Amino acid sequence: MKKILAVILAAVLMLTSLAACSNTEKEPESIYDTPVMQVGDMQYTLNDINYMYVSIFNQIYTQMYQYLGSNISSYVDVKSPLTEQKVSEDQTWDEYIRENIEYSLKDMTALYLAANEENFELTGDYKDALDNAAEEYGSASVEEYITAMYGSGMDYDTIYKMSEISYYAAAYADSKQNTLEVTEQEMRDYYEAHKNDY
């Protein structure tokens with residue numbers, strides 16, 4: 001299963017890389033809207049995977065930049081292909097990001113579906129962020145940004161959908177974390193039962 005997923009993700013990333021680098025007209029949307037991965041009852045398209053790839057890279061890069069500043073180029077060079085840069089001795093940045101897409105989508109989808117099941121409503125900062133994303137990505141001038149960031153096959157609807165899933169998942173996780181209560185005894189019991197796991 002992992003090999004099949006790796007082959008699918010490799011094909012997906014190759015197509016998105018070609019689309020992003022291509023100066024030709026936009027490919028038929030059916031290529032980008034074809035489901036390439038399923039998590040639970042939800043299917044994700046090539047555009048969805050591309051969105052996750054860019055989002056995960058941006059998140060990693062931002063976190064690293066906070067610690068490393070301008071020295072970040074010693075670890076990852078945004079001007080060179082990620083397929084040619086090592087994050088570790090045996091893994092490229094591209095492989096690392098593709099691996100994280102699967103985990104991120106599984107977590108995000110589980111939280112999103114649980115939120116929907118409980119009729120969870122998006123409020124506060126998360127709702128504001130989603131509403132602002134709708135305004136920001138809805139303007140015609142942003143289409144150039146979307147194409148530059150995600151490739152010629154990306155569209156507003158995909159970005160909005162994936163943003164919505166992400167915001168719902170994060171808000172739901174926060175709401176559950178804030179209501180979680182663990183006693184000292186439960187922590188001690190858990191530690192004793194799992195102390196050899198670490």
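Residues numbered from 1 in each chain as written. Predicted model: local features only at pLDDT ≥ 70, side-chain atom pairs only at ≥ 80, totals over all residues. Heavy atoms only, no water.

Caption draft 1: Expanded view of the pairing of strand 1 (residues 35-39). Relative to strand 2 (residues 42-45), strand 1 is paired through four bridges, and the arrangement is antiparallel. By the bridge assignment for strand 2, Gln-38 is matched with Gln-43. As consecutive antiparallel partners, strand 1 and strand 2 are separated by two residues, and within that stretch Gly-40 has a phi angle of approximately 60°, a positive value. (Pairing = 2+ DSSP bridges. Helix = DSSP H or I, 4+ residues; strand = E, 2+ residues; numbered from the N terminus.)

Caption draft 2: Layout of unusual backbone geometry. Despite not being glycine, Asn-119 has its phi angle at roughly 55°, a positive value. Relative to the helices and strands, Asn-119 resides in the loop between helix 4 (93-117) and helix 5 (124-138). For Asn-119, a relative accessible area of 64% corresponds to the exposed category. (Buried < 20%, exposed > 50% of the residue type's maximum accessible area, 1.4 Å probe, protein only.)

Caption draft 3: Just the packing of helix 3 (residues 46-68) against helix 4, in detail. The geometry of helix 3 relative to helix 4 is characterised by a closest axis approach of 9 Å and an angle of 110° between their N-to-C directions. Of the possible angle classes, the one that applies to helix 3 and helix 4 is roughly perpendicular. Of helix 4, the residues touching helix 3 (which contributes Ile-49, Met-52, Tyr-53, Ile-56, Phe-57, Ile-60 and Met-64) are Trp-93, Asp-94, Tyr-96, Ile-97, Arg-98, Asn-100, Ile-101, Ser-104, Leu-105 and Met-108. Within the contact of helix 3 with helix 4, the residues separate by chemical class into 13 nonpolar, two polar and two charged. (Axes fitted to C-alpha atoms, helices over the stretch in contact; angles between N-to-C directions. Parallel < 35°, antiparallel > 145°, perpendicular 65-115°, else oblique. Contact = heavy atoms within 4.5 Å. Nonpolar A, V, L, I, M, F, W, Y, C, P; charged D, E, K, R; others polar.)

Caption draft 4: Inspection of the packing of helix 3 against helix 7 (residues 156-179) at higher detail. It is at 10 Å that the axes of helix 3 and helix 7 come closest, and there the two elements cross at 60°. Where helix 3 crosses over helix 7, the handedness of that crossing is right-handed. Residue-level contacts link Asn-47, Asp-48, Tyr-51 and Met-52 of helix 3 to Thr-158, Ile-159, Lys-161, Met-162 and Ser-163 of helix 7. Classifying every residue of the contact of helix 3 with helix 7 gives four nonpolar, three polar and two charged. (Left-handed = near helix turned anticlockwise from the far one by under 90°.)

Caption draft 5: A look at the environment of Gly-124. Note that Gly-124 resides in helix 5. Taking the C-alpha atoms as reference, Gly-124 lies 9.3 Å from Ala-171; in sequence the two are 47 residues apart.

Caption draft 6: The arrangement of the environment of Leu-122 in detail. Looking at the element boundaries, Leu-122 is found in the loop between helix 4 and helix 5. Leu-122 gets classed as buried once you look at its relative accessible area, which sits at 8%. Taking the C-alpha atoms as reference, Leu-122 lies 7.9 Å from Tyr-167; in sequence the two are 45 residues apart. Beyond its immediate chain neighbours, meaning those up to four positions away, Leu-122 contacts Lys-127, Leu-130, Tyr-167, Tyr-168 and Ala-171.

These values are about where atoms sit, not about what they do.
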